[in-house]
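# Observations on chain architecture
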Amino acid sequence: MTTTYAALLRGINVGGNKKLPMADLRTLLTELGHGDVRTHLQSGQAVFTASQGDEVHLAGELSTAIEKRFGFSVEVIVRDHAYLAAVADACPFPADELEAKQLHVTYFSAPVDAERFAGIDTAARLPEEFRLGDRCLYLYAPDGLGRSKLGEELGRPRITKGLIATTRNWNTVRKLVELTG
């Protein structure tokens, strides 16, 4: 039995750093023994099937292979279709009424609790808002992530310490559900 997964790579092909052509990523995943390999956009999403392995193992395997092949480290989160669909379905914001640039999901490598975010003055950041989910955070940023003060604060090392955290806009969240389905 095979499972379809999405690999979310953090910080590749951004600002000319950590260049990783998607064709090379597809080749690498195929060489690792995965099937039905596809990529989405240039910002680090790949979809593949695997007959064995858990998400943590698959992420570690890909991260190690990238470092060996390309000479730089990349943090990777791997999630299966069921998880990705559950995250999309559990969105606490009215996703169908918002522009995709206004809604984002930050995927975390492990569960997070509210204590991690206790120092954030949420009232001072309105109308921006965030909500926690299952190993994820939903961010509503009406002016987009690039202008989001709350998004900037949520990405600070004191918040993400000990975690891999990578953010995707709502279009990508939906597309990954579709591609892994």
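Bear in mind the structure is a predicted one, so any value in this text is a computation, not a measurement.

Before going further, it helps to examine the overall build of the chain. Broken down by element type, the chain carries six helices and eight strands. Order of helices (α) and strands (β) in the chain, N terminus to C terminus: β-α-β-β-α-β-α-β-β-β-α-α-β-α. For the chain, whose C-alpha radius of gyration is 16 Å, the value lies close to the compact-globule estimate of 16 Å for 181 residues. Dimensions of the chain along its principal axes, counting C-alpha atoms only, are 50 × 30 × 25 Å.

So, about the layout of surface pockets. Volume-wise, the largest pocket comes out at about 570 Å³. Along the walls of the largest pocket sit 29 residues, with Thr106, Leu145, Thr166, Thr167 and Arg168 positioned nearest its centre. Where the lining of the largest pocket is concerned, the elements lending two or more residues are strand E5 (103-108), strand E7 (136-140), helix H4 (149-154) and strand E8 (165-169). Counting residues per element, the lining of the largest pocket draws most heavily on E8, at five residues. Residue composition of the lining of the largest pocket, by class: 11 nonpolar, 14 polar and four charged.

To continue, consider the side chain of Thr180. Along the polypeptide, Thr180 turns up in helix H6 (residues 170-180). Within the structure, Thr180 has its side chain in polar contact with the backbone oxygen of Leu176 (distance 2.8 Å). Here Val177 takes part through its backbone oxygen, which lies 3.3 Å from a polar atom of the side chain of Thr180.

Here we take up H6. Within the span of H6, buried status applies to Trp170, Thr172, Val173, Leu176, Val177, Leu179 and Thr180. Next to the buried residues of H6 lie strand E1 (3-9), strand E2 (35-40), strand E3 (45-50), helix H3 (81-89), E5 and E8. Looking at where H6 begins, the residue whose side-chain oxygen comes 3.0 Å from the main-chain nitrogen of Asn171 is Asn169.

Take the environment of His40 next. Relative to the helices and strands, His40 is located in strand E2. His40 gets classed as buried once you look at its relative accessible area, which sits at 15%. A sequence separation of 29 residues divides His40 from Gly11, and the C-alpha atoms of the two residues are 15 Å apart. Residues contacting His40, with those up to four places away along its chain left out, are Gln45, Thr172, Lys175 and Leu179.

Attention now goes to the packing of aromatic side chains. For the structure shown, the criterion picks out five aromatic pairs. Taken together, a centroid distance of 6.4 Å and an interplanar angle of 55° make the contact between Tyr83 and Tyr107 tilted. You can see Tyr83 sitting in helix H3 and its partner Tyr107 sitting in strand E5, a full 24 residues away along the chain. Assessed through its relative accessible area of 0%, Tyr107 is described here as buried. A cation over an aromatic ring shows up here: Arg79 above the ring of Tyr83, its NZ or CZ 5.3 Å from the ring centre.

What follows covers the pattern of salt bridges. Under the defined criterion, the tally for this structure stands at 10 salt bridges. Between Arg69 and Glu31 there is a salt bridge, with the nearest N and O atoms lying 2.3 Å from each other. In this pair, Arg69 sits in helix H2 (residues 55-70) while Glu31 sits in helix H1 (residues 22-31), placing the two residues 38 residues apart along the sequence. Residue Arg69 is classed as partly exposed on the basis of its relative accessible area, which comes to 42%. With a shortest N-O distance of 2.7 Å, Glu129 and Arg131 are connected by a salt bridge. Among the residues examined, Glu129 registers a relative accessible area of 26% and is labelled partly exposed.

What counts and what doesn't
- Residues numbered from 1 in each chain as written.
- Predicted model: local features only at pLDDT ≥ 70, side-chain atom pairs only at ≥ 80, totals over all residues.
- Heavy atoms only, no water.
- Helix = DSSP H or I, 4+ residues; strand = E, 2+ residues; numbered from the N terminus.
- Rg over C-alpha atoms; globule rule 2.2 N^0.38 Å.
- 1 Å grid on protein atoms, 1.4 Å probe; cavity = no way out; pocket = protein on both sides within 12 Å on 5 of 7 lines; lining within 4 Å.
- Points joined across faces, edges and corners; volume = space filled by probe spheres on them.
- Nonpolar A, V, L, I, M, F, W, Y, C, P; charged D, E, K, R; others polar.
- Polar contact = N/O pair within 3.5 Å; in protein donor to acceptor, adjacent residues only side chain to side chain.
- Buried < 20%, exposed > 50% of the residue type's maximum accessible area, 1.4 Å probe, protein only.
- Contact = heavy atoms within 4.5 Å.
- Phe/Tyr/Trp six-rings, centres within 6.5 Å; stacked < 30°, edge-to-face > 60°.
- Lys NZ or Arg CZ within 6 Å of the ring centre and 35° of its normal.
- Salt bridge = Lys/Arg side-chain N within 4 Å of Asp/Glu carboxyl O.

By themselves these figures say nothing about function.
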